[in-house]
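Structural overview for review
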Amino acid sequence: MNRRVQAASVHVLTAIGAVLALLSLRAAYQADWQMMFVWLGIALVVDAIDGPLARLFDVKAVLPRFSGERLDLIVDYLTYVAIPAFVLTETALLPEWSRLPAAIAILLSGLFHFSDVDSKTEEGYFVGFPAIWNIVLLYLFVLGLPPYGALAVVVGLVLLTFVPVPCVHPFRVVRLRIVSGLVALAWAVAAAVAVANPFPSTLWIKIALLATAAYFTSVGLGRALRRVHATTGDGPGPAS
């Protein structure tokens, strides 16, 4: 296949995420939450594979006029931030008075993250909460928290967007990559089962999703502690 066709195909794949965003928005407008998460889940898969494909086909060199990174950021903002913010205004997940302010806070903090040129470290960690509000939204549906409990989660994560704590990317961070990949796979299975069944989810799904979240949180915190120890000279070596 022609290299330009291959490169253009990767851009088209990324752009399909915008179509998936529209489909998920239509499902949300119809309060079809399961279907909404199906479309968002497909968008998540597309986002996971388009980057490796772009590097495989050297898209940046073959089609230098078109920025796959810009395209990816636009699509990701729709699926990761804008649609979850809209959903929070349309559901009873949060106290009624807080729904619009919370959505606005999500939109603005998400813009901060997506425009931050230092939002990732050289090791592949995100700096601060990485605006994965689609994932947070799934957890809120799965757990069925009281509205004020859900609001506390949203407020806490909005604030963590501006705190330089490392958050692990399951595939880009070399440290524990195999373990992180397996945990991410387990998360995907549990998330798929959750979406296939009514919300809130059964106890085992809640435990599985919370356990995977605890793992990724602990990896990020571990990286932060190693960096502190290396900076103060209390640790065995440089942070990694």
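Above: the structure in question.
First, a word on what this report is: a plain description of the structure on this page.

Conventions used here
Residues numbered from 1 in each chain as written. Predicted model: local features only at pLDDT ≥ 70, side-chain atom pairs only at ≥ 80, totals over all residues. Heavy atoms only, no water. Helix = DSSP H or I, 4+ residues; strand = E, 2+ residues; numbered from the N terminus. Expected span 1.5 Å × (residues − 1). Buried < 20%, exposed > 50% of the residue type's maximum accessible area, 1.4 Å probe, protein only. Contact = heavy atoms within 4.5 Å. Polar contact = N/O pair within 3.5 Å; in protein donor to acceptor, adjacent residues only side chain to side chain. Phe/Tyr/Trp six-rings, centres within 6.5 Å; stacked < 30°, edge-to-face > 60°.

1. Some remarks on helix H1 (residues 3–29)
- Compared with an ideal rise of 1.5 Å per residue, which puts 27 residues at 39 Å, H1 spans 40 Å between its outermost C-alpha atoms and is within 8% of the ideal.
- Ala 7, Val 10, His 11, Thr 14, Gly 17, Leu 20, Ala 21, Ser 24, Ala 27 and Ala 28 are the residues of H1 that are buried.
- Buried residues along H1 sit in contact with helix H2 (33–56), helix H3 (59–62) and helix H4 (68–90).
- For H1, the side-chain oxygen to backbone nitrogen distance between the N-cap and Arg 4 is 2.7 Å, and the N-cap itself is Asn 2.
- Count one or two residues on from H1 and you reach Ala 31, which has phi positive near 60 degrees.

2. Remarks on helix H8 (residues 177–195)
- Taking 1.5 Å per residue as the helical rise, H8 with its 19 residues ought to reach 27 Å, and the 26 Å between its terminal C-alpha atoms agrees with that figure.
- Listed in full, the buried residues belonging to H8 are Ser 180, Gly 181, Val 183, Ala 184, Trp 187, Ala 190, Ala 191, Ala 194 and Val 195.

3. Topic: the packing of aromatic side chains
- All told, the structure shown has eight aromatic pairs when counted by the stated rule.
- Between the aromatic rings of Phe 112 and Phe 162, the centroid separation amounts to 4.7 Å while the plane-to-plane angle is 45 degrees, which identifies the pairing as tilted. Here Phe 162 lies in the loop between helix H7 (147–160) and strand E2 (166–167) and Phe 112 lies in helix H5 (residues 99–115), a separation of 50 residues in the sequence.
- Residue Phe 162 is classed as partly exposed on the basis of its relative accessible area, which comes to 46%.
- Geometrically, the ring pair formed by Phe 141 and Phe 199 is tilted, given 5.3 Å between the ring centres and 55 degrees between the ring planes. Here Phe 141, found in helix H6 (residues 133–143), pairs with Phe 199, found in the loop between H8 and helix H9 (203–232); they are 58 residues apart in sequence, far enough to count as distant. Each member of the pair, Phe 141 as well as Phe 199, is classed as buried.

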